[in-house]
Amino acid sequence: MSRDALIVGINIYQHLSSLQAPARDAEAIAHQLQTYGEFCVHRLPEVIQANAPQVGSKTQVSLRELEAALIRLFKPKGNHIPQTALFYFSGHGLQKQAGIQEGFLAVSDTNPDASFYGLSLFWLRRLLQESPIRQRIIWLDCCHSGELLNFLEADPGANPATDRLFMAASRDYETAYESLTSPYSVFTQALLTGLDPRRVDSGIITQHALIDHVNQTLKTEVQRPLFESSGSEIVLTRCRDRAFPLPTRPVVPFCPYAGFKAFSEAQTEYFYGRDHFLRKVTAAVRTNAFVALVGASGSGKTSLVQAGVFPQLRQEKLMGHGEQIQQTGDRWQIKRLTPTEHPLKQLAAAFVEPHLNQVERAEQLRRAEIFFRTRYSGISPFGSCY
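Residues numbered from 1 in each chain as written. Predicted model: local features only at pLDDT ≥ 70, side-chain atom pairs only at ≥ 80, totals over all residues. Heavy atoms only, no water.

Engineer: How should the overall build of the chain be read in this particular structure?
Structural biologist: Broken down by element type, the chain carries ten helices and 13 strands. Counting across all 386 residues of the chain, residues that qualify as buried make up 46%. In the chain, 70% of the contacts between residues at least 6 apart in sequence involve partners at least 24 apart. Put simply, the chain shows about 20400 Å² of open surface, and 52% of that area lies on carbon and sulfur atoms. (Helix = DSSP H or I, 4+ residues; strand = E, 2+ residues; numbered from the N terminus. Buried < 20%, exposed > 50% of the residue type's maximum accessible area, 1.4 Å probe, protein only. Contact = heavy atoms within 4.5 Å. Areas by Shrake-Rupley, 256 points an atom, 1.4 Å probe, with all protein chains shown as cover.)

Engineer: Quick question: what am I supposed to make of the pairing of strand E9 (residues 135-141) here?
Structural biologist: On a regular strand, each side chain points to the face opposite its neighbour's, so the side chains alternate between the two faces of the sheet. Across the seven residues that make up E9, a large majority, seven, are buried. Of the strand pairs in this sheet, strand E5 (residues 84-90) and E9 are connected by seven bridges, and their pairing is parallel. Each residue of the ladder has a partner; that of Phe87, found in E9, is Ile138. The pairing of E9 with strand E10 (residues 163-168) spans six bridges and is parallel. By the bridge assignment, Gln135 is partnered in E10 with Asp163. (Pairing = 2+ DSSP bridges.)

Engineer: Explain the packing of helix H1 (residues 21-36) against helix H4 (residues 186-195) to me, please; I cannot follow it from the model alone.
Structural biologist: Packed helices, taken two at a time, are described by their axes: the angle between them and the distance between them. Where H1 meets H4, the axes come as close as 10 Å, and the angle between the chain directions of the two elements is 10°. With respect to each other, H1 and H4 are oriented roughly parallel. When the axes of H1 and H4 are compared, the crossing they make is left-handed. Counting all contacts with H1, which are made through Asp25, Ala28, Ile29 and Gln32, the residues of H4 involved are Thr188, Leu191, Leu192 and Leu195. Looking at side-chain class alone, the contact of H1 with H4 contains five nonpolar, two polar and one charged residues. (Axes fitted to C-alpha atoms, helices over the stretch in contact; angles between N-to-C directions. Parallel < 35°, antiparallel > 145°, perpendicular 65-115°, else oblique. Left-handed = near helix turned anticlockwise from the far one by under 90°. Nonpolar A, V, L, I, M, F, W, Y, C, P; charged D, E, K, R; others polar.)

Engineer: I tried to follow the packing of helix H2 (residues 63-74) against helix H3 (residues 121-129) on my own but got confused; where do I start?
Structural biologist: Direction vectors running N to C along H2 and H3 enclose 20°, while the axes themselves pass 10 Å from each other. Considering the angle they form, H2 stands roughly parallel to H3. Taken as a pair, H2 and H3 cross one another with a handedness that is right-handed. Residues Glu67, Leu70, Ile71 and Phe74 of H2 lie in contact with H3, whose contacting residues are Trp123, Leu124, Leu127 and Leu128. Split into classes, the residues belonging to the contact of H2 with H3 amount to seven nonpolar, no polar and one charged.

Engineer: Sorry, what's going on with the environment of Val55 here?
Structural biologist: Its place among the elements puts Val55 in strand E4 (residues 52-55). Looking at Val55, the relative accessible area reads 8%, which means it is buried. Not counting residues up to four positions away in its chain, the partners in contact with Val55 are Gly9, Ala23, Ala26, Glu27, Arg43, Leu44, Pro45 and Val47.

Engineer: I keep staring at the packing of aromatic side chains and nothing clicks. Help me out?
Structural biologist: Counted under the stated rule, the structure contains one aromatic pair. The ring of Phe166 carries Arg164 above its face, with NZ or CZ at 5.1 Å from the centroid. (Phe/Tyr/Trp six-rings, centres within 6.5 Å; stacked < 30°, edge-to-face > 60°. Lys NZ or Arg CZ within 6 Å of the ring centre and 35° of its normal.)

Engineer: Honestly, the environment of Phe310 in this entry has me stumped. Any pointers?
Structural biologist: Structurally, Phe310 is set in helix H7 (residues 301-319). What makes Phe310 buried here is its relative accessible area of 10%.

Engineer: Which parts of the structure should I look at to understand the sheet that holds E5?
Structural biologist: The pairing of strands in a sheet comes from backbone hydrogen bonds and takes either a parallel or an antiparallel form. The sheet built from six strands is open, its strands ordered E2-E1-E5-E9-E10-E12 with mixed pairing. The sheet is open, and its two edges are formed by strand E2 (40-44) and strand E12 (226-230), each paired on a single side. Each neighbouring strand pair of the sheet contributes to a mean axis angle of 5°, computed without reference to strand direction. Here five bridges tie strand E1 (residues 3-9) to E2, and the two strands are oriented parallel to one another. Across the sheet, the residue bridging to Val8 is Leu44, located in E2.

In structure tokens form, the structure reads like this:
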């Protein structure tokens, strides 16, 4: 069974305070995964010491290096892709507040004063959505790491053939700490002890056992870790005298009914019975600048939009069905937002380019808000807007 891991620990920063623990954190995790997890480990930054690879404590990591390594991990080329891909990060985490809230993993040359924050967690989430890897594991030991679990996009774990484990050291508004009693960070120390298969009689550590251990270990700490797990059981580490079980599909067949949850765009193939309303809504969208979908709570508005209207519009955009769509070309830009009490500001922010400096971003927001204000009025401040 092929299992790849990218282990990143960044100590050195040009414009942020340098750290002591991340390189030690990363090397300890790498050793644990190689010893008990049978992972093929790639380190970043990597140095050679005593003829063996180590996580460099004085070497910088650029955004280009980190992005390229993550693409190789989660979207590998070739026909023989790994069964499992694991990404661990220890270093600075940043949160940007500029109209919308964004989280970032800081690289060595991150400079918030120049509006450069590092690797976007939004970008990472999108990469995961497009990954062909069956088992996806992410452990983030940095401030504001819970931002990864906050996005509203279609759930990467929605595919019944996908297993995943996301673990964040702290909530999106919290700081993650280096330990006062250990050479490792607080969260990583809990990971290291939790991953040791010798601590359990079975000699096997799954994602459920690790979550339980980390949660119990850190229950008295100031920072509160976050967890997100779905799919089948993932065996993380095992004692060498135990067979490494191959991942299997769930014994219980996949249930296509979402229950009280709304259908997502990823569940379009299971969404039936609203053809009449779907035709009416999509026809209205094609011919009107503003369309409001109104109904009682729980009546299926969100499911109709996400699993019906969105896929229909995307199909028209890509395939060019109909003379009108062919003439207008690539016109459908699908954004999702919650209007709040400032709907036009939220609408404008959804269309602003993400990598602008503060001055450019403010100007784009101003111009976009003026544009929308002159075209639309009477938008309700309640609920979600599509």
